[in-house]
Amino acid sequence: MDTTGHYQHLTYTDWTVRETQFEPEQFRYRETVFTIGNGYLGTRGSFEEGYSQASPATFIHGVYDEVPIVYTELANCPDWLPFTITINGDRFRLEKGEILSYERKLDLRQGILSRSVRWRSPNNQTIDIHFERFASLADEHVLVLRCQLTPVDFAGAIEIQASINGYPENQGFNHWELLDQGKTEAGVWLNLRTRSSRIQLGIATGIKISGAEASLQVTSPPGYPTLLTSFLTSPGQTVTVDKLVTVFTSIHVENPVTSACEKLAQLPEYSLLVIAHTQAWEKVWQKSDIVIEGDVTAQLAVRYNLFQLLIAASRHNDQVSIPAKTLSGFGYRGHVFWDTEIFILPLFIYTQPEIARNLLTYRYHTLPGARRKSVHYGYKGAMYAWESADSGDEVTPRWLPPNDPYGEDIRIWCRDREIHISTDVVYAVWYYWQATSDDEWMRDYGAEIILDTAVFWGSRVEYNTKHERYEIREVIGADEYHEFVHNNAFTNRLVQWHLEKALYIYEWLHKTFPDKATELEDKLQLRAGRRSRWTDIIANIWIPYDQSTGLIEQFEGFFQLQDINLEDYEPRTKSIQAILGIEEGNKRQVLKQPDVLMLLYLMRQSQEPPYNPQTLQANWDYYAPRTDISYGSSLGPAIHAILASDLGKTAEAYERFMQAALVDLENVRGNASEGIHGASAGGIWQAVVLGFGGIQMGDSEPIAHPHLPPGWTRLKFKLMWRGKWHEFDLGNENQGEGIGDKGDMGDTGERETRGHGDLQSTINRQPPTTMSPDIRGFIFDLDGVLTDTAEYHYLAWQKLADEEGLPFNREANEALRGVSRRESLLHIVGDRKYSEAQLQEMMDRKNRYYVESIENISPQDLLPGVVTLLDELKQAGIKIALGSASKNAQAVIEKLGIANRIDAIADGYSVQRPKPAPDLFLYAANQLGFEPSQCVVVEDAEAGIEAALAGQMWTIGLGPAARVGAAHIVLPSLADVHWTDLNAKLKELGVGDRGQGDKEDKEDKEDN
């Protein structure tokens, strides 16, 4: 079901975020919420037609530039969205006219943002406008925008202007110089260059129009190349305009404009672009998806946070990392923090290690900047920047302006004192290596990072002769409310840990790659004396820890600070530091975010000191009440959720988890307009998998110790560990240890979860066995139900069979009705032997023939009665899904012009088991948010009816009773079929056991 979010008009399903009413006061933060991207760039959710309060932005990885004197930042790149619509002289804008209906939807599964508006112009002319756009995951240089326009009550002229805005601003500053612009046969192009870093950018765009006769012109105001088209329309006529965009920079190609224009000229039409894009997303979700049953809000929130990280991670560039605000906003100016290594990287390490490798290699490439910083402060080795950009040099601003216009500037000490970043990077390097056994990367990149930062620590640590111990003074720990402390336990223990790993890596290199060991010895001057000092520091660095109580003092003197009771300051809507001021906050035992608890969390995975359950309990009891968890740092709630879960504090764990999970979706902290909270998003993955899933990495494989929140009936995810996938399928019934076995699914639908190789428990996943008279959803098959593409399929199979010399005819084709592509092929080849690679090639070839043949499908190919029934269902409040085994379903419904009537799609990419297994229809019901018993399946194939009955759904069969007679209702077609009649018939059938209607029911069905 849909779940309403914090704001009245935001609703969630398992895979979609919907905004059902335009709310101007929420516009800026919703721009962040509806960000799309593809790992190369990110585009905020601004409106195509523009809006007065908009803050549009597109950020491309690595495109940094300087604001003179002040700072380095990601440059806002040219805006590819501008799409002006003028209707008989009235320009479409939401500040004008009247909004009769509105819906914006982000489909996380397919990475597509859409918006549907019914708008009445100031001249009282009503039009339906449907936008959708995506940044192609199949080709990172391609951006796609579609607009469909349908006049409701008028005939007249519509004019479209599709432009590139070459004057983007970073909150008042434009980083770009115009070099040139022009046109080609495919469209128009623009060439710009950043003012300081001298990065060139080439962007090109073209448009394609269908549904009307249209002229096309080019106009070229400087920096704003535009394509103009106009056409005449009549009521009910839908005109589709596709805007295709390509973008390149000189970071990776010599001539960005040439590359952009050549790519634009080669692009196929929209339907093929969207197929490639959704196929790419399907592959990503197969690795990284998390399934939660029993909690729709948590399910959507988890997928949303994963989505925002997946679109921010570069797949093909190891010179960049993920900024703290991803590629979604102006916050922190695109700088990279410890957020990436400590909070975000685990998701990629354990699900997409090739991306993790890229992110960590960025830190290798920025070692020169880290070395320059170390020299600047008078130390040796590599000292990573607290805030990093392209070069690795420190880009944290020294000063920030005050909120009070008459106040003094605020000194930012993080660049000087928050030095734990160097060990945070090494922590991520170490765990990447542990998870992947990527010895070559450790040899070529990781070892140098670990060893040269260890050299830095050797020069930064001080020896206290009075107490005969090593200390680290004048630092900021994880808790940033205290800006000048000595011997922060978090920093000191991680430095000790770091030096232990450095010595291990040194010995490992000598044994495994002696030549590389010799090379680094010389390059980093790793003499015996230096290594001896590391050993001495490990043995004698001071960590303020009372073994008798288990209590760790956050830093030297923390317990002598003035205590605080945060309850005394409630209710509040801002941080304690904002209430008390910086200096007063420094004097009190109040934390911005976990510090000692963060240390225990990082040591938790390896169970290294000082972590143990007793120490965790003692420090939780002391520090959790003193942590400003609501308004301090967004990095804290997810970590608190994990530790609270460990301690059996399930209610608090879930509360903190949801606080983190909804931080952007519901603007929990009031600053989502600045961009996605990337660290919090990464913390969500850790909270679910490592916290609620209780994953620990054993000697040879991951082991689960699950403790799911109440209401979660199932938690399912996959992990990659040392080259092998481990799938976990956990339920509240098996809250014990379990290893990563997928579990066997028998005919009964039961799932086994194994613990240490023994049967731990069984969980019945069968849906309810009674039928519901409360019909909420309709699921339509595609072929033979909405349109007749069976002939196209037959011709494609026949062509393939002829090429392969396989017997095949129309009679044999009947057996393929409703069957998946693979099963169809296996039926055709019979006993003929083919390799798996050959079978895959044949399936791809058949699909290519099919896609080529359906290029000319249009709304005229809809079967009789379809549009009428779909509209009647919509009017009755019934949700509609497509349930088709075809992998081209999305493209077909686009061509048929009914995509805006479909709420969810279950297709050949959605499930593994084909019909007659019920998986496809169960998936569709889940997408709609309804129980199977609340859904009606409309099918024309015996396998489809069998699948729907197995899923315990209502069924309507189209065609001869010999084929679909097992359905509850049998009809020849949808011609002259109306919802009122169907509803009456379904109510007449009443409530009974699925598939076991009495004799009268069967006779009634046959009479139909």
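Criteria and thresholds
Residues numbered from 1 in each chain as written. Predicted model: local features only at pLDDT ≥ 70, side-chain atom pairs only at ≥ 80, totals over all residues. Heavy atoms only, no water. Disulfide = S-S within 2.5 Å. Buried < 20%, exposed > 50% of the residue type's maximum accessible area, 1.4 Å probe, protein only. Pairing = 2+ DSSP bridges. Helix = DSSP H or I, 4+ residues; strand = E, 2+ residues; numbered from the N terminus. Core = buried A, V, L, I, M, F, W, Y, C linked by side-chain atoms within 4.5 Å. Contact = heavy atoms within 4.5 Å. Axes fitted to C-alpha atoms, helices over the stretch in contact; angles between N-to-C directions. Phe/Tyr/Trp six-rings, centres within 6.5 Å; stacked < 30°, edge-to-face > 60°. Lys NZ or Arg CZ within 6 Å of the ring centre and 35° of its normal. Parallel < 35°, antiparallel > 145°, perpendicular 65-115°, else oblique. Left-handed = near helix turned anticlockwise from the far one by under 90°. Nonpolar A, V, L, I, M, F, W, Y, C, P; charged D, E, K, R; others polar. pLDDT = per-residue confidence, 0-100.

Draft legend 1. Just the state of the cysteines, in detail. Inspection of every chain in the model, using the stated rule, returns zero disulfides. Summary of cysteine pairing: Cys 261 is not part of a disulfide, and the nearest cysteine sulfur, belonging to Cys 77, is at 17 Å. Among the residues examined, Cys 261 registers a relative accessible area of 15% and is labelled buried.

Draft legend 2. Representation of the pairing of strand β11 (residues 98-107). Pairing of strand β3 (residues 16-19) with β11 involves four bridges; the strand directions are antiparallel. In the strand pairing of β11, Arg 18 is matched with Lys 105. Bridging between β11 and strand β12 (residues 112-120) involves nine bridges; their strand directions are antiparallel. Directly across from Ser 101, in β12, lies its bridge partner Arg 118. Counted along the chain from β11 to the antiparallel partner β12, the turn is four residues long, and its residue Gly 111 has a positive phi close to 65 degrees.

Draft legend 3. Inspection of the sheet that holds strand β5 (residues 41-43) at higher detail. Strand order in the open sheet formed by three strands is β4-β5-β6, with antiparallel pairing between adjacent strands. Both outer strands of the open sheet, β4 (36-37) and β6 (58-60), are each paired with one neighbouring strand and no more. Pairing analysis gives two bridges linking β4 to β5, with the strands arranged antiparallel. When the sheet's bridge partners are listed, Ile 36 is paired in β5 with Thr 43.

Draft legend 4. Structural detail: the nonpolar core. Among the nonpolar cores identified, the biggest contains 223 residues, and Ile 85, Leu 149, Ile 290, Trp 338, Phe 348, Phe 657 and Ile 779 are the most heavily contacted of them. Residues within four places of Phe 348 in sequence aside, it is in contact with Leu 309, Leu 310, Ala 313, Ile 322, Pro 353, Ile 355, Ala 356 and Leu 359.

Draft legend 5. How the structure looks around helix α26 (residues 889-896). Across the eight residues that make up α26, a large majority, eight, are buried. Within the span of α26, buried status applies to Ala 889, Gln 890, Ala 891, Val 892, Ile 893, Glu 894, Lys 895 and Leu 896. For α26, the elements touching its buried residues are β13 (126-135), β14 (142-151), α3 (270-288), α24 (836-853), β37 (879-883) and β38 (904-906). Gly 897 sits one or two positions beyond α26 and adopts a positive phi of about 80 degrees.

Draft legend 6. Fine view of the sheet that holds β38. Strand order in the open sheet formed by six strands is β38-β37-β36-β39-β40-β41, and the pairing between neighbours is parallel. Edge positions in the sheet fall to β38 and β41 (969-971), since each of these pairs with one other strand and no more. Between one strand and the next, the sheet's axes are offset by a mean angle of 20 degrees, whatever the strand orientation. Taken together, the four bridges between strand β39 (residues 935-939) and strand β40 (residues 954-958) define a ladder with parallel strand orientation. Looking at β40, one finds that Val 937 is bridged to Thr 955. Packing against the sheet, helix α30 (residues 979-989) makes contact with β36 (777-780), β39, β40 and β41, and its axis sits at approximately 145 degrees to β41.

Draft legend 7. Structural context of the packing of aromatic side chains. A full pass over the atoms with the stated rule returns 48 aromatic pairs. Measuring from ring centre to ring centre gives 5.8 Å for Trp 281 and Trp 285, while their planes differ by 25 degrees; the resulting arrangement is stacked. Here Trp 285 and Trp 281 lie together in helix α3, a separation of four residues that amounts to about one turn. An identical accessibility class is assigned to Trp 281 and Trp 285; each is buried. Considering the side-chain rings of Tyr 622 and Tyr 623, the 5.1 Å spacing of their centres and the 75 degrees angle between planes classify their relative orientation as edge-to-face. Here Tyr 623 falls in the buried class, since its relative accessible area comes to 1%. Taken together, Tyr 427, Trp 430, Tyr 431, Trp 433, Trp 497, Tyr 504, Trp 508 and Phe 513 form an aromatic cluster joined through their ring pairs. Directly above the aromatic system of Trp 399 lies the positively charged group of Arg 411, at a separation of 5.9 Å from the ring centroid. For Arg 626, the ring lying beneath its charged end belongs to Tyr 622, and the centroid distance is 3.8 Å.

Draft legend 8. How the structure looks around the packing of helix α4 (residues 296-310) against helix α19 (residues 650-661). Interhelical geometry of α4 versus α19 gives an angle of 50 degrees and a closest axis separation of 10 Å. With respect to their mutual orientation, α4 and α19 come out oblique. Seen from above, α4 lies across α19 with left-handed handedness. Listed contacts from α19 to Thr 297, Ala 298, Ala 301, Val 302 and Asn 305 of α4 are Tyr 654, Phe 657, Met 658 and Ala 661. Taken together, the residues of the contact of α4 with α19 break down into seven nonpolar, two polar and no charged.

Draft legend 9. Local environment of the environment of Lys 105. You can see Lys 105 is positioned in strand β11. What makes Lys 105 buried here is its relative accessible area of 14%. Placed 453 residues apart in sequence, Lys 105 and Phe 558 show a C-alpha to C-alpha distance of 49 Å. Lys 105 has contacts with Thr 16, Val 17, Arg 18, Phe 34, Ile 112, Leu 113, Ser 114, Ile 902 and Asp 903, leaving out every residue within four places of it along the chain.

Draft legend 10. The confidence of the model for the protein chain, seen in detail. Across the protein chain, pLDDT averages 90, with 93% of residues at or above 70. Counting interchain partners and residues more than four positions distant, the pLDDT-below-50 stretch residues 1-7 has 25 contacts. Note that pLDDT drops below 50 for residues 991-1008; the model gives that stretch 29 contacts with residues more than four away or on any other chain.

Draft legend 11. Main features of the pairing of strand β7 (residues 64-67). The sheet contact formed by β7 and strand β8 (residues 71-74) spans four bridges and is antiparallel. Note that in β8 the partner of Tyr 64 across the bridge is Leu 74. If you look at the hairpin formed by β7 and β8, you'll find three residues sitting between the two strands, and Ile 69 has a positive phi there, around 75 degrees.

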